[in-house]
Amino acid sequence: MIKKKIIAMLLAGGQGSRLSVLTNRIAKPAMPFGGRYRIIDFPLSNCANSDIDTVGVLTQYEPMELNGYIGTGQAWDLDRNSGGVFVLPPYISGSRGEWYSGTANAIYQNIAFIDRYDPEYVLILSGDHIYRMDYAQMLARHVESNADATIAVRGVPIEEAHRFGIMNTDAEGNIIEFEEKPRAPKSNKASMGIYIFSWEQLRQYLIADEATPDSENDFGQNIIPAMLRDKRRMIAYEFKSYWKDVGTIQSLWEANMDIIAEPPLLDLSGKFFNDREWRIFSKSPIMPPHYVGPQASIERSIITEGCEIDGTVTHSVIFAGVTVEPEAEVIDSVLLPGARVQRGAHVRKAIIGENSVVGEAATVGAARQPGDGDYDTSLTGDITLIASGTEIAAGSHVPVGMIVNTGLYGGKQKEA
Amino acid sequence: MQGNVFGLVYTGESSMQLRDLTYSRSVAAVPFAGRYRCIDFVLSSLVNTGISNVGVIAQKNYHSLMDHLGSGKEWELHRKRDGLFILPPFVTHDNTGIYKGTLDAYRSVLGYIRRSSQRYVILTGSHTVFNTTFHKMIEQHIQTGADITIMYNEVPLEHNDDQFDELRLDVDETGRVQDLQLNPYRPTSFHSACDVFMLEKTLLEYLIEEAVSHGFTDFIRDVLLKKVHTLKIYGWRYDGYIGCLSSIASYFTHNMNILTRQVRDDLFNPDHPIYTKVKDEVPAHYLPGAKTRNSLIADGCVVDGEVDSCVLFRGVKVGKGVKLSNCLVLQGCDIQEGCELDYVILDKGCTVHSGCRLAGYDKFPVIIRKGSSI
């Protein structure tokens, strides 16, 4: 095996339970985002564009969709003779085998994979953030500072800092303390979950951590604190561009809306998406351009291949193969691939799952009515959620913030 | 059976009638339907039939064709066994590199034909647009015991589609071709060939060798027309949509026809999709000033003006206050604020500066050459 300078390990194991029914049957990194992408396109494109050609994707939850999506890695130019992209599920070795019990344990279980490439450095990524980052620059910082670990951080508003893992640094950017969700934060530098380690070092810490009986086998909880205790040289790498955790319904919806904000926070025609030298790659759905019908009205929206739009679409993100029939209206919503909004239906501030159908004259995201009963909106707030493959019967009414799970919805069957 | 067929696509069709569109590219590489090139349709139809050995005969201006096809991976033709073979002209002592006709081209790729292990070959052109699979044609060819099977569709007797190099077939009730006419002045048949021919490879080899030894150069004119009574030629009727892009007028018409649902459903049947080179464009973005009606819009477009009955290819920018109607706007054009365009074909990468007004006529659209700045 050809020796690699750096390889990336992408932690894609998350079940994404805060995304509720959206991740019923898919792992969070396979979640569609931004019209034609999936969340994992961002770290994978970052790797490809940063000249990292070997990526291990660690997954143990609903891997089918993710596996199928990644395929040979061709979409990201990661189909390589030596290296490439590998999906790494947990496995049984000898008579032993276990699920990944934590982020550090997932890497520990794949030490053999990393050793095959004998890399000098390992980049640890997570699969639930939207951002565009040149890992090569971060690596350059790591190398020139002669660091043992480099952690990407970004400034968050100090009043929100208590929700993050906070890195306290000295004037040179050396990390002197790490506090997980501190009550009284001393800095606003939040860890982005992106680490570069010198592999020799990390390898030892992973083995030592595994031998510690009460360890949670987690990078933030165990590995980073252990390295800090040993006075390893750890530096913070500050990142200032767009970055968003899309782990909740609210943040997923917001990040989609960031693309169509005015001015856009995630600029389709600007540096983020449309840099010819730095494309965000994705797998093509192999569909024709979208068609806009004679009665259609579209504004402040993004629309991609395979769509047929005959109704009104305002301030929405429309994925591949979506149909919006005449007199239907879609406002402030995200329509995932293959969704269908039938004649006269109204969809407002909703996320409609893949291949779901909103029947004729149905309303999704409508104001609550007295007969709606009680349902839990703790995950959704005012965003209405329709799971993949769900059919909303003609004329039915889905009130704001409700979650509709698979099956036929309307009249008889209600699931919250 | 489809495993026993290979495809041979000729891309050297006369391009005079497509004028500026073929100034820097071969007909096969002419953009079509927002994100495709002409050749995508015939290539996808071959691939969707299960054919995995396809030769593409390149003639002149084939840079953009080669760039488009690459290794053939988008058509799954990057194979260890067979796959895509781009066959550019090469100069030897008996080869000038410029083909005098299709037969001359087939002669120069005889080596490829001989090496192909399949029993049958499907010969096609590259500027006829349709989406089908050839399973039924192959089945019919074998079942009738035909020497050659020609795919045809039904057209009006005198159709004014500006057809060039048109081959009309007289087909009897059994499907056998009784007569062939090339560019008839007064056509007597409703049946027009779609530039797809199936025959046994060994017969093709024989026909090429025999005709070439008599100094002939064109497959249709010198082989099919001369042998219509000695060979058993059958027609295979195709009732789907056919677009022969042989002139600016027909190019314009067939692009605009995609705005009709039936044509779209036929050409983009999801059971056998059309593959093309993937460009990783971003989704199309509609800004507050966008008013779009009856149009086909590709990814990467940014629309802030009025677009009515147009086909916008990838990455087109339509500025504020622009009025665009009945236009074909090819990849990467930039139409700036306040322009008004009607019946205009803008080739790739044109810039139309603020306030310009251009208008053509439905039978005679204005065509602006690649990269122009107005």
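Cut-off values and rules
Residues numbered from 1 in each chain as written. Chains lettered and ligands numbered in written order. Predicted model: local features only at pLDDT ≥ 70, side-chain atom pairs only at ≥ 80, totals over all residues. Heavy atoms only, no water. Core = buried A, V, L, I, M, F, W, Y, C linked by side-chain atoms within 4.5 Å. Buried < 20%, exposed > 50% of the residue type's maximum accessible area, 1.4 Å probe, protein only. Helix = DSSP H or I, 4+ residues; strand = E, 2+ residues; numbered from the N terminus. Contact = heavy atoms within 4.5 Å. Pairing = 2+ DSSP bridges. Domains from an automatic or database assignment. Buried area = accessible area lost by both parts, 1.4 Å probe. Salt bridge = Lys/Arg side-chain N within 4 Å of Asp/Glu carboxyl O. Polar contact = N/O pair within 3.5 Å; in protein donor to acceptor, adjacent residues only side chain to side chain. Phe/Tyr/Trp six-rings, centres within 6.5 Å; stacked < 30°, edge-to-face > 60°. Lys NZ or Arg CZ within 6 Å of the ring centre and 35° of its normal. pLDDT = per-residue confidence, 0-100. Axes fitted to C-alpha atoms, helices over the stretch in contact; angles between N-to-C directions. Parallel < 35°, antiparallel > 145°, perpendicular 65-115°, else oblique. Nonpolar A, V, L, I, M, F, W, Y, C, P; charged D, E, K, R; others polar. Right-handed = clockwise from strand over helix to strand, strands pointing away.

Participant: Looking at this model, I keep getting lost on the nonpolar core. Mind explaining?
Facilitator: Within soluble globular proteins, side chains that are nonpolar generally end up buried alongside one another. Residues Ile194(A), Phe273(A) and Ile351(A) are the most contacted members of the largest nonpolar core, which totals 72 residues. The biggest single contributor to this core is helix 8 (residues 249–260) of chain A, with seven residues. Not counting residues up to four positions away in its chain, the partners in contact with Ile351(A) are Leu22(A), Ile249(A), Leu252(A), Trp253(A), Val334(A), Leu336(A), Ile383(A), Thr384(A), Leu385(A) and Ile386(A). Within the second largest apolar cluster, 55 residues are counted, among which are Ala362(A), Ala284(B), Leu312(B) and Leu324(B).

Participant: What is the right way to look at the pairing of strand 8 (residues 121–126) of chain A in this model?
Facilitator: Two faces make up the sheet, and in a regular strand the side chains alternate between them. Residues and elements named next belong to chain A. Counting buried positions along strand 8 gives six out of six residues, so the element sits mostly inside the fold. Of the two faces of strand 8, the one carrying Tyr121, Leu123 and Leu125 and the one carrying Val122, Ile124 and Ser126 are both buried. Strand direction decides the pairing type here: strand 1 (residues 6–11) and strand 8, joined by six bridges, are parallel. Residue isoleucine 6 lies in a different strand from strand 8, and its bridge partner there is tyrosine 121. The pairing of strand 8 with strand 13 (residues 189–198) spans four bridges and is classified as antiparallel. Counterpart to isoleucine 124 in the pairing with strand 13 is tyrosine 195.

Participant: Whenever I open this one, the domain arrangement of chain B confuses me. Can you help?
Facilitator: Residue and element names in this part refer to chain B. Domain boundaries assigned for chain B yield domain 1 (2–267) and domain 2 (285–368). A C-alpha centroid distance of 32 Å is found between domain 1 and domain 2. Both sides together, the interface formed by domain 1 and domain 2 hides about 1700 Å², and carbon and sulfur atoms give 69% of it. In terms of surface lost to domain 2, no three residues of domain 1 exceed Gly34, Phe252 and Leu259, which account for 34% of the buried area on that side. Remark: the boundary between domain 1 and domain 2 carries zero salt bridges. Taken together, the connections running from domain 1 to domain 2 amount to two residue pairs in polar contact (both at pLDDT 80 or more).

Participant: Is there a simple way to think about the packing of aromatic side chains in this case?
Facilitator: The geometry of two aromatic rings is summed up by the distance between their centres and the angle between their planes. Under the definition given, this model contains 23 aromatic pairs over all chains. Pairing Tyr69(A) with Trp76(A) gives two aromatic rings, centres 5.4 Å apart and planes at 65 degrees, and the pair type is edge-to-face. Through pairs of rings, three or more aromatic residues link up here, namely Phe32(B), Tyr36(B), Phe41(B) and Phe268(B). Directly above the ring of Phe216(B) sits Lys226(B), whose terminal nitrogen or CZ lies 4.2 Å from the centroid.

Participant: Honestly, the environment of Ile403(A) in this entry has me stumped. Any pointers?
Facilitator: Residue position: Ile403(A) is located in strand 34 (residues 403–404). Linking Ile403(A) and Ile351(A), residues 52 residues apart in sequence, is a C-alpha distance of 9.8 Å.

Participant: What should I look at first to understand the pattern of salt bridges in this one?
Facilitator: Between side chains of opposite charge, a pair can form as their charged atoms come close. Counted under the stated rule, the structure contains 36 salt bridges over all chains. A salt bridge links Asp53(A) to Lys4(A), with the nearest nitrogen and oxygen atoms 3.1 Å apart. One end of the pair, Asp53(A), is in the loop between helix 1 (41–49) and strand 4 (54–58); the other, Lys4(A), is in the segment before strand 1, with 49 residues separating them in the sequence. Note on Asp53(A): relative accessible area 18%, which makes it buried. Of the charged contacts, one joins Glu179(A) and Lys186(A) as a salt bridge, the two residues approaching to 3.7 Å between their closest N and O atoms. The exposure class assigned to Glu179(A) is buried, which follows from its relative accessible area of 17%. Note on Lys186(A): relative accessible area 56%, which makes it exposed. Residues joined by salt bridges that share partners form a network here, namely Arg36(A), Glu305(A), Arg35(B) and Asp299(B).

Participant: How should I be thinking about the confidence of the model for chain B in this particular structure?
Facilitator: Parts of the model with low pLDDT should not have their predicted coordinates read in detail. Of the residues in chain B, 96% have a pLDDT of 70 or more, and the chain-wide mean is 90. For this predicted complex, the interface confidence reaches an ipTM of 0.88, while the overall pTM sits at 0.90.

Participant: Please clarify how the packing of helix 6 (residues 201–213) of chain B against helix 7 (residues 219–227) of chain B should be interpreted in this entry.
Facilitator: For any two helices packed against each other, the geometry comes down to the angle between their axes and how far apart the axes lie. Residue and element names in this part refer to chain B. It is at 11 Å that the axes of helix 6 and helix 7 come closest, and there the two elements cross at 105 degrees. Considering their axes alone, helix 6 and helix 7 lie roughly perpendicular with respect to each other. Only Phe219, Val223 and Lys227 of helix 7 make contact with helix 6, whose side of the interface consists of Leu204, Leu207, Glu210 and Ala211. Grouping the constituent residues of the contact of helix 6 with helix 7 by class yields five nonpolar, no polar and two charged.

Participant: Hey, could you run me through the sheet that holds strand 24 (residues 340–342) of chain B in this one?
Facilitator: Strand pairing in a sheet takes place through backbone hydrogen bonds and is either antiparallel or parallel in direction. Residues and elements named next belong to chain B. Ordered in space as 15-18-21-24-27, the five strands form an open sheet in which the pairing is parallel. Each edge of the open sheet carries a strand with a single partner, namely strand 15 (291–293) and strand 27 (357–359). Recorded for the sheet is a direction-independent mean angle of 5 degrees between the axes of neighbouring strands. Of the strand pairs in this sheet, strand 21 (residues 323–325) and strand 24 are connected by three bridges, and their pairing is parallel. Among the inter-strand pairings, serine 325 is bridged to a residue of strand 24, identified as aspartate 342.

Participant: What's the story with the sheet that holds strand 30 (residues 363–366) of chain A in this structure? I'm lost.
Facilitator: Residue and element names in this part refer to chain A. Taken in spatial order, the six strands make up an open sheet running 18-21-24-27-30-33, and their pairing is parallel. The sheet terminates laterally at strand 18 (297–299) and strand 33 (397–399), the two strands that pair on one side only. Neighbouring strand axes in the sheet, compared pairwise and without regard to direction, differ in orientation by 15 degrees on average. Relative to strand 30, strand 27 (residues 346–348) runs parallel, the two sharing two bridges. Residue pairing for strand 30: valine 347 is matched across the bridge by valine 364.

Participant: Is there a simple way to explain the pairing of strand 5 (residues 83–87) of chain B in this structure?
Facilitator: Residue and element names in this part refer to chain B. The sheet contact formed by strand 4 (residues 53–57) and strand 5 spans five bridges and is parallel. The residue of strand 5 that forms the bridge with isoleucine 57 is leucine 87. As a crossover connection, the stretch from strand 4 through helix 2 (residues 63–69) into strand 5 is right-handed.

Participant: Would you mind showing me how to read helix 1 of chain A here?
Facilitator: Side chains of residues three or four places apart in an α-helix project in the same direction, reflecting 3.6 residues per turn. Taken across its nine residues, helix 1 of chain A has nine buried, putting it largely inside the fold. Following helix 1 of chain A by one or two positions, Asp51(A) has its phi on the positive side, about 65 degrees.

Participant: Could you clarify how one ought to interpret the interface of chain B and chain A in this entry?
Facilitator: Interfaces are frequently sized by the accessible area removed from exposure as the parts join. Between chain B and chain A, the contact holds 34 residues from the first and 38 residues from the second. With both sides pooled, the region where chain B packs onto chain A buries about 2900 Å², and carbon together with sulfur makes up 51% of that total. The largest contributions to the chain B side of the interface with chain A come from Asp280(B), Pro283(B) and Tyr286(B), which together make up 21% of the buried area. At the boundary of chain B and chain A, one finds five salt bridges. As a salt-bridge pair, Glu305(A) and Arg35(B) come within 3.4 Å of each other at their nearest N and O atoms. Elements with a contribution of two residues or more to the side of chain B that touches chain A: helix 9 (261–267), strand 14 (284–286), strand 15 and strand 16 (295–297) of chain B. In terms of residue class, the side of chain B that touches chain A is built from 19 nonpolar, six polar and nine charged. The pairing of strand 17 (residues 290–292) of chain A with strand 16 of chain B spans three bridges and is antiparallel. Directly across from Val292(A), in strand 16 of chain B, lies its bridge partner Ser295(B).

Participant: What is the right way to look at helix 1 (residues 38–48) of chain B in this model?
Facilitator: Residues and elements named next belong to chain B. With 11 of 11 residues buried, helix 1 lies mostly within the body of the structure. Within the sequence span of helix 1, burial applies to Cys38, Ile39, Asp40, Phe41, Val42, Leu43, Ser44, Ser45, Leu46, Val47 and Asn48. The positive-phi residue at the C-terminal boundary of helix 1 is glycine 50, with phi of around 95 degrees.

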